[in-house]
Every structure is written in C-alpha cells, then in structure tokens.
Amino acid sequence: MDVPYYAPSDVFLAPLVLYTWGINAFVLICGIVVYALLLAERAEQALAAEHLRSERLLRNILPDTIADRLKSAPDETIADNLSDVTFLFADIVDFTPRATQMAAPDLVRFLDRIFTEFDRLTAERGLTKIKTIGDAYMVASGMPEPRSDHAAQVAELAFEMLAVCRELSVEFEETVEVRIGLHTGPAVAGVIGTQRFAYDAWGDTVNTAARMESHGEPVKIQVTEATKNAL
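I will try to describe carefully the structure that is included in this document. (Residues numbered from 1 in each chain as written. Predicted model: local features only at pLDDT ≥ 70, side-chain atom pairs only at ≥ 80, totals over all residues. Heavy atoms only, no water.)

1. What to know about the pairing of strand S2 (residues 128-133)
So, point 1. Of the strand pairs in this sheet, S2 and strand S3 (residues 136-141) are connected by five bridges, and their pairing is antiparallel. Its bridge partner lying in S3, Lys-131 is registered against Met-138.
So, point 2. Where S2 folds back onto S3 in an antiparallel hairpin, the turn is made up of two residues, including Gly-134, whose phi is positive at roughly 65°. (Pairing = 2+ DSSP bridges. Helix = DSSP H or I, 4+ residues; strand = E, 2+ residues; numbered from the N terminus.)

2. Remarks on the packing of aromatic side chains
So, point 1. Counted under the stated rule, the structure contains four aromatic pairs.
So, point 2. Where Phe-118 meets Tyr-137, the ring centres are 5.3 Å apart and the plane angle is 75°; that geometry is what we call edge-to-face. With Phe-118 in helix H4 (residues 104-124) and Tyr-137 in strand S3, this pair connects stretches of sequence that are 19 residues apart. Exposure class is identical for Phe-118 and Tyr-137. Each is buried.
So, point 3. Here a set of aromatic residues connected by ring pairs shows up, and it is made of Phe-115, Phe-118 and Tyr-137. (Phe/Tyr/Trp six-rings, centres within 6.5 Å; stacked < 30°, edge-to-face > 60°. Buried < 20%, exposed > 50% of the residue type's maximum accessible area, 1.4 Å probe, protein only.)

3. Regarding a nonpolar patch on the surface
So, point 1. On the surface, a cluster of nonpolar side chains totalling about 290 Å² of accessible area is made up of Ile-23, Phe-26 and Val-27.
So, point 2. Along the polypeptide, Ile-23 turns up in helix H1 (residues 8-61). (Patch = residues over 30% accessible without salt bridge, like charges linked within 9 Å, V, L, I, M, F, W, Y side chains within 5 Å. Areas by Shrake-Rupley, 256 points an atom, 1.4 Å probe, with all protein chains shown as cover. Salt bridge = Lys/Arg side-chain N within 4 Å of Asp/Glu carboxyl O.)

4. Some remarks on the pattern of salt bridges
So, point 1. This model, assessed by the stated rule, comprises 14 salt bridges.
So, point 2. The salt bridge involving Lys-129 is made with Asp-119; its shortest N-O contact spans 3.1 Å. Pair noted here: Lys-129 is in strand S2 and Asp-119 is in helix H4, with a separation of 10 residues, a long-range link.
So, point 3. By relative accessible area, Lys-129 is classed as partly exposed at 35%.
So, point 4. Looking at Asp-119, the relative accessible area reads 29%, which means it is partly exposed.

5. Side note on the side chain of Thr-86
So, point 1. Locating Thr-86 in the fold gives a position in strand S1 (residues 79-92).
So, point 2. Assessed through its relative accessible area of 0%, Thr-86 is described here as buried.
So, point 3. At a separation of 2.8 Å, a polar atom in the side chain of Thr-86 contacts the side chain of Thr-184.
So, point 4. Not counting chain neighbours up to four residues away, the residues in contact with Thr-86 comprise Val-139, Ala-140, Ser-141, His-150, Ala-151, Val-154, His-183 and Thr-184. (Polar contact = N/O pair within 3.5 Å; in protein donor to acceptor, adjacent residues only side chain to side chain. Contact = heavy atoms within 4.5 Å.)

6. Some thoughts on the environment of Val-191
So, point 1. Residue position: Val-191 is located in strand S4 (residues 178-192).
So, point 2. Given a relative accessible area of 18%, Val-191 falls into the buried group.
So, point 3. The sequence separation of Val-191 and Thr-77 amounts to 114 residues, and the corresponding C-alpha distance is 7.5 Å.
So, point 4. Not counting the four nearest positions on each side in its chain, Val-191 is found in contact with Leu-62, Ile-66, Ile-78, Phe-197, Ala-198 and Tyr-199.

7. Overview of helix H6 (residues 204-214)
So, point 1. Of the positions making up H6, those classed as buried are Thr-205, Val-206, Thr-208, Ala-209, Met-212 and Glu-213. Viewed along the axis of H6, the buried residues span an arc of 165°, placing them on a single side of the element.
So, point 2. Taken together, the buried residues of H6 touch S1, S3, S4, strand S5 (198-202) and strand S6 (221-223). (Arc of directions from axis to C-beta.)

8. Thoughts on helix H2 (residues 64-72)
So, point 1. Listing the buried residues of H2 in full gives Ile-66, Ala-67 and Leu-70. The buried side chains of H2 occupy one side of the element, clustering within an arc of 100° when seen end-on.

Here's what the structure looks like:
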C-alpha cells in the first residue's frame, strides 16, 4: 500500500492560506459594517437637520403655543374664542402709484425693507404678526395668549412704526408714510388650510380695525372708542 507523500511546504501553506482568507473576510465584513454605520449616522444627521429646519419653518409661520398644539394633536381643530384683543392695521400710503413706476426688484426690496423693520418691532414687543395683505400689515396683541397690556403694547408699536418710517424716508430719499388703525374687542382665531396653512383671526373687531386704517389719514393713528377706553 502506497502512503501519500506531502511536501513540507504544502503542509504549512494550506493552513496559512485558510488563515489569510479568514483575515481578509473578517476585514471585509468589518469594512461593510463600518460603512453601514457611517451611512446610518449620516442619514440620522440629515433627518435631524431636516427636523430642525421644519421646526424653524413651523415656528416662523405659527406662534409657539399654536405650533406646540398642532404638533401634539395634528388632527385637532385649533379654534379659540378671544374676549379681549387689540388689532393693528398699517397700510403704506401711495403704494399703488409706486407699484406702477418701480421695477419689480426695486418694489419688492422697498416693501421687504419696510416689513422687515415692522417684523423686528413686532417681535421685540412679543406681539403676533398675523399676515401681510398686499402693502397692508396686520398685528394682534392678546392672542394666542391673553395679556392685560394688549392695547398699550399695540399703541406703542404704532408710534414705533411711524418713527421707523421717518428713518426709512431718509434711507430711501423719498417719503415713506403709513396709515394706522386700531380696534379692541373679541375675536375668533384659529389655523386654517392644509397647504400654506395660516393662523388667522376673524370677527367684527378685525373688520373695524381694518376700517380704522382705510379711513384714516397718513402719519396718523386712528383708534376706536373701545381702544381709547382700553388705553
């Protein structure tokens, strides 16, 4: 019977080859695992960044308390009866003639500069900007949270708006004037829509404040008896 013969090199080479293959497979698996973890971490970071962006966008559209309510109960109808709110409407005087004379980029920059200043003043007083309607600017005080000084804060804002318009007149080298109207009373507020949704207010108090502005005079603040009494 013939006995198989193995060269000494073959006896030592086979385990070495298997060992090398095992090391390479282990390294490859580790590389795949590390790569998968890196992908997962990047996806998590991207998701967190997108969440932060969405959060900032939501709170830029809605007051914080309304945003929190919407997040905690997405299917809830947000509608509040407000007993005592003061509304402000401000409208830029002679904006329509400007719109026909100015180039579109200049017109947008003009309006954006004014409303950016109004936004700053509104935020500094902790008031709620409701919306802009063309060249009109609408603010509320006493919503969504009630406050005892709602009329006084809006009145101070109105004076600051007149002051900033005087400053912008120097900057633009042309007259910038607004009409301002105030009214105080009850209103209904809530969130409407599913696309470009908005936090808005409705009622006779809102309509009367708008009429105070539209029937007012340039560089004047026209108030109703109710606002006068609240002040």
